[in-house]
Amino acid sequence: MTYDDHPELAEFEPLGERPLRGRTMTVASRVFVVVALSALLLPGILLTISIQTQTADYTCSVYAQHYQPEAQGSSARFELAGPVGPGWQCYALNTEGDATWVAPLGLIPSTPHRLP
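Residues numbered from 1 in each chain as written. Predicted model: local features only at pLDDT ≥ 70, side-chain atom pairs only at ≥ 80, totals over all residues. Heavy atoms only, no water.

Peer 1: Got a minute to help me understand helix α1 (residues 23–67) in this structure?
Peer 2: Residues lying three or four places apart along an α-helix face the same way, a consequence of the helix completing one turn every 3.6 residues. With 45 residues, α1 should cover 66 Å at 1.5 Å per step; its first-to-last C-alpha distance of 63 Å lies within 8% of that length. For α1, the principal kink sits at L41 and spans about 30°; a proline, P43, occurs within the next four residues. Where the residues of α1 are buried, they touch β1 (73–82), β2 (85–93) and β3 (99–106). (Helix = DSSP H or I, 4+ residues; strand = E, 2+ residues; numbered from the N terminus. Expected span 1.5 Å × (residues − 1). Bend = angle between axes of the 7 residues up to and from the residue. Contact = heavy atoms within 4.5 Å.)

Peer 1: How do you make sense of the state of the cysteines when you look at a structure like this?
Peer 2: As used here, a disulfide is simply a covalent bond connecting the sulfur atoms of two cysteines. Scanning the entire structure with this criterion turns up 1 disulfide. Through a disulfide, C60 is tied to C90; the S-S separation comes to 2.1 Å. In this structure the cystine formed by C60 and C90 twists about its S-S bond by roughly 85°; its chirality is therefore right-handed. Within this pair, whereas C60 is found in helix α1, its partner C90 is found in strand β2, the two being separated by 30 residues in sequence. The exposure class assigned to C60 is buried, which follows from its relative accessible area of 0%. (Disulfide = S-S within 2.5 Å. Buried < 20%, exposed > 50% of the residue type's maximum accessible area, 1.4 Å probe, protein only.)

Peer 1: Would you mind going over the environment of S74 with me for this structure?
Peer 2: Examined against the element boundaries, S74 turns out to sit in strand β1. For the pair S74 and Y63, spaced 11 residues apart in the sequence, the C-alpha separation amounts to 8.7 Å. Residue contacts for S74: discarding those within four places in its chain leaves C60, S61, A64, Y91, A92 and L93.

Peer 1: Sorry, what's going on with the nonpolar core here?
Peer 2: Nonpolar side chains in soluble globular proteins tend to end up buried together. By size, the foremost hydrophobic cluster in this structure holds 11 residues: A56, C60, Y63, A64, A76, W88, C90, A92, V102, A103 and L105. Per-element accounting of this core gives the leading share, 4 residues, to α1. (Core = buried A, V, L, I, M, F, W, Y, C linked by side-chain atoms within 4.5 Å.)

Laid out in structure tokens, this is it:
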């Protein structure tokens, strides 16, 4: 391919090695993108965590009342190494604060249902 094939490129001279945007503009663009993505994703993540925590607490309180009627309270915790694997775990609390494992609630806790 020669300039004879494309006469519009005959007088073209590249701009050189200088970038099109300065360093300040590049950094500002990157910061803006990170802030914008955070503003889009963070509320959804926080809402999901809040809903899962509330559901796990409610489900755990129902399970603790049903399977450990002498328990004084309940505690739902997310554990990576729980008794039956990763996920939400339900514990019944006695008067001394000791926790007794009651049931697994899974990675995504659901409303109470009969356990096998």
